[in-house]
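Fold and contact review
What follows is the residue order along each chain.
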Amino acid sequence: MAILYTTQASATGGRAGRAVSDNGVLDVTLTVPKELGGDGATGTNPEQMFAAGYSACFLGALKFVAGKEKVKIPDDAKITTRVGIGPREDGTGFGIEVAISAELPGIERELAEKLVAAAHIMCPYSHAMRTSTEVPVSVA
């Protein structure tokens, strides 16, 4: 695969810490949700950031596939990605589940379903989730 763009971010403190992108534009306080034993402090968490990134990426993929079909995605289109986290059944760690919902005002349902299905194939987040993309891990 020819890589067109690369970025990176780093986290310190784990789920109760800070995450920063390499260019400093993303700089967020991380907190643990009450449901996972946190104190409810103001901040974000990895699941929210994943949901936001996936939503934005999916909408971009949707606009791309719609453009190929000469369909304009309305400016008020909305992609909502729900991300849940919980213990895996095998007891070896945690897993996530993801669901995507598309609101495409003014586009007939059959066409919307066709475009959303095509976007799900096109979107790199969807591809990674569907194929269990291998992630190299190393110690710096």
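Quantities reported herein were computed from a predicted structural model and do not represent experimental measurements. (Residues numbered from 1 in each chain as written. Predicted model: local features only at pLDDT ≥ 70, side-chain atom pairs only at ≥ 80, totals over all residues. Heavy atoms only, no water.)

**Comments concerning the packing of helix α1 (residues 46-68) against helix α3 (residues 124-131)**
Running from N to C, α1 and α3 point in directions that differ by 120°, and their axes come no closer than 8 Å. Contact residues: α1 offers F50, G53, Y54, C57 and F58, while α3 offers P124, Y125, S126 and M129. Residues of the contact of α1 with α3, tallied by class, amount to seven nonpolar, two polar and no charged. (Axes fitted to C-alpha atoms, helices over the stretch in contact; angles between N-to-C directions. Helix = DSSP H or I, 4+ residues; strand = E, 2+ residues; numbered from the N terminus. Contact = heavy atoms within 4.5 Å. Nonpolar A, V, L, I, M, F, W, Y, C, P; charged D, E, K, R; others polar.)

**Observations regarding the sheet that holds strand β1 (residues 9-12)**
With antiparallel pairing, the three strands of this open sheet are ordered in space as β1-β2-β3. For this open sheet the edge positions go to β1 and β3 (27-29), each flanked by a neighbour on one side alone. If you compare each strand with its neighbour and ignore which way they point, the axes differ by 15° on average. Two elements, strand β2 (residues 18-21) and β3, share three bridges in a ladder whose sense is antiparallel. Among the inter-strand pairings, R18 is bridged to a residue of β3, identified as T29. (Pairing = 2+ DSSP bridges.)

**Some details on the pattern of salt bridges**
This model, assessed by the stated rule, comprises six salt bridges. Between R18 and D27 there is a salt bridge, with the nearest N and O atoms lying 2.6 Å from each other. A relative accessible area of 40% means that D27 is categorised as partly exposed. Residues E69 and K114 are paired through a salt bridge, measuring 3.5 Å at the closest nitrogen-oxygen approach. Taken as a pair, E69 in the loop between α1 and β4 (78-87) and K114 in helix α2 (residues 109-122) lie far apart in primary sequence, 45 residues in all. We classify K114 as partly exposed; its relative accessible area is 47%. (Salt bridge = Lys/Arg side-chain N within 4 Å of Asp/Glu carboxyl O. Buried < 20%, exposed > 50% of the residue type's maximum accessible area, 1.4 Å probe, protein only.)

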